[in-house]
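# Geometric and topological summary
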Amino acid sequence: GERRGSLRRSDFPPGFVFGSSTSAYQVEGAATEGGRGPSVWDTHSHLPGTIVDNTTGDHACDQYHRYLEDVDLMADIGMDAYRFSISWPRIFPDGRGRVNREGVEYYNRLIDALLARGIQPWVVLYHWDLPQALQDSLGGWMNREIVSIFGEYAELCFAEFGDRVKHWGTFNEIHHITFSYPNVGCRSPSGVCGDVHRQPYVIGHHMLLSHSKAVEIYRAKFQNRQRGSIGIILDAQWYEPISDLQEDINAAERLMAFQIQWLMDPLVYGHYPAIMRNDLHDRLPTFSEDEAKAMKGSFDFIGLNHYTSHYAKNDPDGPEFSKFGVELHDARAASIYAKNGVPIGPQAGSPWLQIVPWGMGKVLERFKVMYNNPLIYITENGVDESDDQGEVPAENILQDNFRIQYHHDYLGYVIGSMRNGSNVGGYFAWSLLDNFEWQDGFSKRFGLFYVDFKNGFTRIPKSSVAWFKKLLRHPKRSNHFVS
Ligand code: PNW
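Quick look at the structure, then. It should be emphasised that the depicted structure is a prediction, and the values quoted were computed from it without experimental measurement. (Residues numbered from 1 in each chain as written. Predicted model: local features only at pLDDT ≥ 70, side-chain atom pairs only at ≥ 80, totals over all residues. Heavy atoms only, no water.)

This part covers the packing of helix α14 (residues 357–370) against helix α16 (residues 401–419). At their nearest, the axes of α14 and α16 sit 7 Å apart, and the two run at 30 degrees to each other. With respect to α16, the axis of α14 lies roughly parallel. In this structure, α14 meets α16 at a crossing whose hand is right-handed. Touching Pro 357, Trp 358, Met 360, Gly 361 and Leu 364 of α14 are Asp 409, Tyr 410, Tyr 413, Val 414 and Ser 417, all from α16. Tallied by class, the residues present in the contact of α14 with α16 amount to seven nonpolar, two polar and one charged. (Axes fitted to C-alpha atoms, helices over the stretch in contact; angles between N-to-C directions. Helix = DSSP H or I, 4+ residues; strand = E, 2+ residues; numbered from the N terminus. Parallel < 35°, antiparallel > 145°, perpendicular 65-115°, else oblique. Left-handed = near helix turned anticlockwise from the far one by under 90°. Contact = heavy atoms within 4.5 Å. Nonpolar A, V, L, I, M, F, W, Y, C, P; charged D, E, K, R; others polar.)

Below is the structure:
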């Protein structure tokens, strides 16, 4: 489209932050180097037949060895920030107790390299790589004991890095990982373990408590001195009712509740939403008075990961268990990608990803209206190309005009939402690099940079790099400049 390339920094408020996002297991590699212990994702990806292309994150993008090059790439684009995660088993190889100084030093070097180039480090504590030792000894997130152990890990990170890290995220996408079993250490062939009808809600509960524990520690011991902020990162797609029928409108409401209200209601009000309690009864745990008190207001900002929108349809008799776990069954709803044969938006590489820019506006509006307009950073937004049909020649992948259009159009709705009063502070593209896309291995490419995994991990800019560079090269409005 001809509107492409027309965005400028000056279209955004002063101080609006632009960055890119990654996570430790997806980019670092060096899985057995530097004293790192194994995580549940090492175990999972090494099981034969689990990852679609039979790969693992052992080497990923090799960022552990190439972080300086990557920081230069970000600086060259003009990015203000880099959102990455800390690998818990790189800091605590056994999950707790003994600190691996080599791991601490790696993140010190990365943080210092970013700051030396004027890039703010935005650090997430948990992006799915639970130390395997905690899975084995405790049963991982199913065990309430993990709350204080997470607190110890968080405290170590604040103490070591908080002098330079001013933006912390506790958890990445509690909703997505609780319903998606491999991410929490269950690894029977069906992906099911334990009581599937309770497990997501128990795990989510322990993660929320761990989040609030970390925030309590940060606020009590570090925040006054370090002057940073702390939040949590939620995933939410938009669900559009597939018809005007009230039952479909209600189904869309339930699916939105499972993503947003399930976690935001505790964070804002200290209890789970009625719309879920009514259906789940005692499967949904409860917070004690003290827990509720600590939970309420336990964030300075909300990170929002948003990619796509789907249709919702009432479905009281849907399958008990799908690749979404029990979520659709419990919400008595179906998630549908097309209406009367017309897809809700153009198809991206991943089957679940349709390009629906207006969904961004809908989700932002929901946060504004339901939760008194919290400060939101878009911590992930992006689109992929697929090369699981065989080898796609790099030349074709490098002309990623669809990605330019995607970011242009979604950013347009971010701007529109801000004009409507939403409090959005920044935008992070997923991802800087093509990387290890969990179950999909290296078959899905979300990067602004193409990574040649078979040839020395070479990073090659796609067209979208030049587009971001043009958007970002103009003077930052937060700097004083005279016209
Ligand atoms: C995110 N959905 O997960 C993760 O935070 C990233 O680690 C991941 O690489 C990225 O998205 C791309 O997949 C999600 O189905 C995956 O709506 C799927 C959905 C949402 C989030």
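Judged by nonpolar contacts, the single largest core of 143 residues is most densely connected at Trp 88 and Trp 141. Residues within four places of Trp 88 in sequence aside, it is in contact with Gly 95, Tyr 126, Asp 129, Leu 130, Pro 131, Leu 134, Trp 141, Ile 146, Ile 149, Phe 150 and Tyr 153. Of all hydrophobic cores here, the second largest spans six residues; its members include Trp 122, Phe 301, Tyr 377 and Phe 428. (Core = buried A, V, L, I, M, F, W, Y, C linked by side-chain atoms within 4.5 Å. Buried < 20%, exposed > 50% of the residue type's maximum accessible area, 1.4 Å probe, protein only.)

For the rest of this paragraph, the subject is the site of the ligand. Around the ligand, a shell composed of 15 residues is seen, among which Gln 26, His 127, Glu 380, Glu 437 and Trp 438 lie nearest. Between an oxygen atom of the ligand and a side-chain N or O atom of Tyr 307, the distance comes to 3.3 Å. Here the ligand has 460 Å² of accessible area as a free molecule, and 93% of this is covered by the chains. Of the residues contributing to the shell around the ligand, the split by class is six nonpolar, six polar and three charged. (Near = heavy atom within 4 Å. Polar contact = N/O pair within 3.5 Å; in protein donor to acceptor, adjacent residues only side chain to side chain. Areas by Shrake-Rupley, 256 points an atom, 1.4 Å probe, with all protein chains shown as cover.)

Looking now at the sheet that holds strand β9 (residues 333–336). Two strands in a sheet stick together by hydrogen bonds in their backbones, pointing the same way (parallel) or opposite ways (antiparallel). Spatial ordering of the open sheet is given by β6-β8-β9, a layout of three strands whose pairing is mixed. Two strands close off the open sheet at either side, each with one partner strand: β6 (238–241) and β9. Strand after strand, the sheet turns through a mean of 40 degrees between neighbouring axes, direction not considered. By the bridge criterion, four bridges tie strand β8 (residues 309–314) to β9 in an arrangement that is antiparallel. Looking across to β9, one finds that Asn 314 is bridged to Ala 333. (Pairing = 2+ DSSP bridges.)

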